[in-house]
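# Coordinate inspection notes
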Amino acid sequence: MASVHIELPQNSYAIHIEAGLLGLAGERVRGGAPHARCALVSDQTVSALYAQPTTASLEQAGFQVSRVDLDSGESNKNAASIERLYRGFLEDRLERSSPVIALGGGVVGDMAGFAAATYRRGVPFVQCPTTLLAMVDSSVGGKTGFNVPEGKNLIGAFHQPALVLIDPTVLRTLPDRELLCGIAECVKHAVIREPELFEWMKKNAQSILELDDAVIVELIERNVSIKAQVVMEDEKEHGVRAHLNFGHTFAHAIEATAGYGKVLHGEAVALGMLAATRASVEAGLCDVALLDSLERLLDTFGFETACALPDDVILEKAMRHDKKVIDDRVRLILPEALGRITIRDDLSPSCIRAGWNHIRQG
Ligand code: NAD
Ligand code: GLY
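These lines cover the structure that appears in this document, whether it is placed above or below. Values in this document were obtained by computation on a predicted structure and should not be read as measured data.

Next up on the list: the site of ligand 2. Around ligand 2 sit Asp137, Lys143, Lys227, Glu237, Arg241, Leu244 and Asn245, and that is every residue in its neighbourhood. In the environment of ligand 2, an oxygen atom lies 2.8 Å from a nitrogen or oxygen atom belonging to the side chain of lysine 143. Lysine 227 places a side-chain nitrogen or oxygen 2.6 Å from an oxygen atom of ligand 2. Starting from 200 Å² of accessible surface for ligand 2 in isolation, the protein chains cover 89%. Among the residues forming the shell around ligand 2, the class breakdown is one nonpolar, one polar and five charged.

Below, the discussion takes up the packing of aromatic side chains. Per the stated rule, a full pass over the model turns up three aromatic pairs. Here the aromatic rings of phenylalanine 250 and tryptophan 356 are separated by 4.8 Å at their centres, their planes lie at 75 degrees, and the arrangement is edge-to-face. Residue phenylalanine 250 is found in helix H10 (residues 248–258), and its partner tryptophan 356 is found in helix H14 (residues 349–359); the two are separated by 106 residues along the sequence. When its relative accessible area of 1% is taken as the criterion, phenylalanine 250 is described as buried. Of the residues examined, tryptophan 356 reaches a relative accessible area of 0% and is grouped as buried. Between the NZ or CZ atom of arginine 30 and the centre of the ring of phenylalanine 63, over which it lies, the distance is 4.4 Å.

Moving on to the pattern of salt bridges. A side chain with one charge may pair with a side chain of the opposite charge, provided their charged atoms come close. On inspection of all chains with the given rule, the structure shows 21 salt bridges. Taking the shortest distance from any N to any O, the salt bridge between glutamate 237 and lysine 143 comes out at 2.4 Å. Note that glutamate 237 is positioned in the loop between helix H9 (213–233) and H10 and lysine 143 in strand S7 (residues 143–148), a separation of 94 residues in sequence. For arginine 177, the salt bridge identified is with glutamate 267, shortest N-O distance 2.5 Å. One end of the pair, arginine 177, is in helix H6 (residues 176–193); the other, glutamate 267, is in helix H11 (residues 265–282), and 90 residues separate them in sequence. Judged by its relative accessible area of 42%, arginine 177 is partly exposed. A single salt-bridge network, built from bridges that share partners, covers Asp137, Glu185, Lys188 and Lys227.

In this model, H11 (18 residues) spans 25 Å end to end at C-alpha, consistent with the 26 Å of a helix rising 1.5 Å per residue. Burial analysis of H11 places 16 of its 18 residues in the buried class, the great majority of the element. In the segment just after H11, glycine 284 is the residue with positive phi, at about 75 degrees.

In this section: the pairing of strand S8 (residues 151–158). Successive residues of a regular strand alternate their side chains across the two faces of the sheet. Pairing geometry for S7 and S8, over five bridges, is antiparallel. Looking across to S8, one finds that glycine 145 is bridged to glycine 156. Linking S7 to S8, which pair antiparallel, is a turn of two residues.

Moving on, we get to the packing of helix H7 (residues 195–203) against helix H12 (residues 288–301). The N-to-C vectors of H7 and H12 enclose an angle of 35 degrees; their axes lie 10 Å apart at closest approach. You can see that H7 and H12 cross each other, and the crossing is left-handed. Residues Phe198, Met201 and Lys202 of H7 pack against Ser293, Leu294, Leu297 and Phe301 of H12. Of the residues assigned to the contact of H7 with H12, the class counts are five nonpolar, one polar and one charged.

Another aspect to go through is the sheet that holds strand S2 (residues 13–17). One open sheet accounts for seven strands, arranged S1-S2-S9-S6-S5-S3-S4; its pairing is mixed. Because the sheet does not close on itself, it has two edges, and the strands there are strand S1 (2–6) and strand S4 (64–70). Sheet twist, expressed as the mean angle between neighbouring strand axes with direction ignored, is 15 degrees. Relative to strand S6 (residues 125–129), strand S5 (residues 100–104) runs parallel, the two being bridged by five bridges. Its bridge partner lying in S6, glycine 104 is registered against proline 129. Across the sheet, helix H2 (residues 44–60) touches strand S3 (37–43), S4 and S5, and the angle it forms with S3 is around 160 degrees. Where helix H4 (residues 106–118) meets the sheet, it contacts S3, S4, S5 and S6, and its direction lies at approximately 170 degrees from that of S5.

The rules behind these values
- Residues numbered from 1 in each chain as written.
- Chains lettered and ligands numbered in written order.
- Predicted model: local features only at pLDDT ≥ 70, side-chain atom pairs only at ≥ 80, totals over all residues.
- Heavy atoms only, no water.
- Near = heavy atom within 4 Å.
- Polar contact = N/O pair within 3.5 Å; in protein donor to acceptor, adjacent residues only side chain to side chain.
- Areas by Shrake-Rupley, 256 points an atom, 1.4 Å probe, with all protein chains shown as cover.
- Nonpolar A, V, L, I, M, F, W, Y, C, P; charged D, E, K, R; others polar.
- Phe/Tyr/Trp six-rings, centres within 6.5 Å; stacked < 30°, edge-to-face > 60°.
- Helix = DSSP H or I, 4+ residues; strand = E, 2+ residues; numbered from the N terminus.
- Buried < 20%, exposed > 50% of the residue type's maximum accessible area, 1.4 Å probe, protein only.
- Lys NZ or Arg CZ within 6 Å of the ring centre and 35° of its normal.
- Salt bridge = Lys/Arg side-chain N within 4 Å of Asp/Glu carboxyl O.
- Expected span 1.5 Å × (residues − 1).
- Pairing = 2+ DSSP bridges.
- Axes fitted to C-alpha atoms, helices over the stretch in contact; angles between N-to-C directions.
- Left-handed = near helix turned anticlockwise from the far one by under 90°.
- Contact = heavy atoms within 4.5 Å.

Right, dumping it as structure tokens:
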């Protein structure tokens, strides 16, 4: 078993990575967040595949399990789903020490985490991520929330999990398109922090796509370690944690403008990283060779590197709702080189337009 530890002033926790870990969820949760009751939150797709063995393991460890299955997908990451969670928790009389366990991708994890952060002013929270994206990114670091029509994740809270349990075998049922979304976040980590990971992903692209057991565990462990390190340096995003948003200002605008769930989050991040890197080149902050290598790596994995985008006026308007906007200025996370990032709020509209034009189809 591989484990990564996060040490924070108020919340330290372990992230365990092991094949078959879902079948041991009960004893692990009992060790980290013991109580008579717990809630298992999932979505309908993941629930049909993995809720039964997870529930059995929790019951075997003595938990009375309350279940809520949300509708799947980004378009359901909204206030109505959060309300369903609160109603379910209240009906089953979850108490202040009853853990909420998220079994699913980032959508389930972000919403179950927000409900856990706010129900009875906060209950313990356990993440069992089932997409690569959730394993390497969203299950670690305590960002929770949901979308509103004005923008992505605009309502949210920081609420660190008590424990993260990653069972990589569940990736075998994940659709290829969703696997790519997780790979996009791994490429992001490589660009912002670890040139060696960038090279390693290039060399192991085929094994990653084929879900080679050892390569996948290494991919998850390396990426969780990067994420954990960043979160330990800056838990509440006052500084370097913002680097994790590389590509996200463009990505969130694409997702909001296309309609949530049309362009998947990871697909938007891949496009957003290209747009941001192109903007950085245009502003004279980085060499075009970086844009070329990023484009080649994304192409090796089979990402679309362009998409049909609506008018850039709409997109720039969407960018203004981004959480990173300060005093009405759009803050962009821009690469200067592999492993070196800068944050700028003074890019000219023509640099931003060059970014959009780079990923615009046709
Ligand atoms: P998702 O949760 O919608 O999952 C993608 C799809 O895969 C869903 O339809 C789901 O039902 C299905 N699925 C999940 N696991 C499966 C499995 N093992 N087998 C078969 N199907 C499976 O999407 P996601 O990509 O995991 O997460 C995206 C969300 O994460 C976005 O809302 C984004 O904002 C959020 N996010 C949050 C953070 C954070 O730090 N909190 C970081 C990155 C992304
Ligand atoms: N995914 C961005 C963050 O966790 O800060």
